[in-house]
Amino acid sequence: MAACLESGGNGEDGHIFRALYQGASVGEVFNSSWAGKSMEEVLPPALKEFGLAAAEQCVTSGCAIYSVFSTYNSGGHTIDCERLLLPLGRAGRVEQMVGSLQLISMAGSFNRDTVIRHFEWKTDVSCAIRIYASAGLRGHLT
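Rules used in this analysis
- Note on numbering: residues in each chain are counted from 1, in written sequence order.
- Totals for whole chains, interfaces and linings use every residue, but because this is a predicted model, local features are given only for residues with pLDDT of at least 70 and side-chain atom pairs only at 80 or more, for both listing and counting.
- The basis for the side-chain values is all heavy atoms of the structure; hydrogens and waters are excluded.
- Only DSSP runs of H or I reaching four residues or more are called helices, and only runs of E reaching two or more are called strands; each is numbered from the N terminus.
- Note on exposure labels: buried denotes an accessible area under 20% of the residue type's maximum, exposed denotes more than 50%, and partly exposed covers the range between, all computed with a 1.4 Å probe on protein chains only.
- The criterion used for residue contact is that any of the two residues' heavy atoms lie within 4.5 Å.
- Values of pLDDT, ranging from 0 to 100, describe the predictor's confidence in every residue of the model.
- The nonpolar core is taken to be a set of buried Ala, Val, Leu, Ile, Met, Phe, Trp, Tyr and Cys residues, with the residues joined through side-chain atoms within 4.5 Å.
- Side-chain rings of Phe, Tyr and Trp, where Trp is taken by its six-membered ring, are said to pair if the distance between their centres is within 6.5 Å; with planes under 30 degrees apart they count as stacked, over 60 as edge-to-face, and otherwise as tilted.
- For salt bridges, the criterion is a side-chain nitrogen of Lys or Arg within 4 Å of an Asp or Glu carboxyl oxygen.

A. Quick peek at the environment of V68. Note on placement: V68 falls in strand β3 (residues 64-72). V68 gets classed as buried once you look at its relative accessible area, which sits at 11%. Beyond its immediate stretch of four places on either side in the chain, V68 contacts D80, C81, E82, D124, V125, S126 and C127.

Laid out in structure tokens, this is it:
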């Protein structure tokens, strides 16, 4: 699943993140179209604080943000969602973020149409890291 978000002017608690694009799977999982809407509008209440904080961290730090958050299906098997936020921009200013999400269940299964309900019911964050760009790589990139 993928989405492209634009970082706009400051909202009450930080930036406003508006969706420019969403992959088909994002619409399927969230049961709605994100195009033109803000993250504040589309994220379920249980995921809003964590989701907005990670986006804000990506924009203010200029770093990629990787996180894994988990829930359980009706059989008690873990469903993980891996998320990677990548900052894009110029002149030291992040203007857009690309988000990639991957749903994984090693022992069980899930339905894309209803999986969001499980995350709304219970979400545990098992990993949240900031990935710094390495200045040492600049000379090696062309």
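B. Just the confidence of the model for the protein chain, in detail. Overall, the prediction assigns the protein chain a mean pLDDT of 83, with 87% of residues at 70 or greater. Mean pLDDT values over the elements of the protein chain span from 66, in strand β1 (residues 2-10), up to 94, in β3. In this model, residues 138-142 is a region of pLDDT below 50 whose contacts with residues beyond four sequence positions or in other chains number zero contacts.

C. Geometry of the nonpolar core. Of all hydrophobic cores here, the largest spans 27 residues; its most connected members are F17, F30, W34, M97, L103 and F119. Elements supplying a minimum of two residues to this core: β2 (15-22), α1 (24-30), α2 (39-42), α3 (45-61), β3, β4 (78-90), β5 (93-104) and α4 (115-121). If one sorts the elements of this core by residue count, α3 sits on top with six residues.

D. Main features of the packing of aromatic side chains. Taken as a whole, this structure holds two aromatic pairs when the rule is applied. Considering the side-chain rings of F50 and F69, the 5.2 Å spacing of their centres and the 75° angle between planes classify their relative orientation as edge-to-face. Taken together, the positions of F50 in helix α3 and F69 in strand β3 put the pair 19 residues apart, joining distant regions of the chain. Residue classification places F50 among the partly exposed positions, given a relative accessible area of 23%. Classification of F69 as buried rests on a relative accessible area of 6%. For the pair F69 and F119, a centre-to-centre distance of 5.8 Å together with 75° between the ring planes defines the contact as edge-to-face. Residue F69 is located in strand β3, and its partner F119 is located in helix α4; the two are separated by 50 residues in the primary sequence. Residue class for F119 comes out buried when judged on its relative accessible area of 4%. Taken together, the ring pairs connect F50, F69 and F119 into an aromatic cluster.

E. Main features of the environment of L52. Within the element layout of this structure, L52 appears in helix α3. The contacts of L52, once residues within four sequence positions are left out, are F17, M39, E40 and L43.

F. Representation of the pattern of salt bridges in the model. Tallied over the full model, the rule gives five salt bridges. Among the salt bridges present, the one from E40 reaches K48, with a minimum N-O distance of 3.9 Å. Residues R93 and E95 are paired through a salt bridge, measuring 3.9 Å at the closest nitrogen-oxygen approach. Judged by its relative accessible area of 24%, E95 is partly exposed. Through salt bridges that share partners, R90, R93 and E95 make up one connected network.

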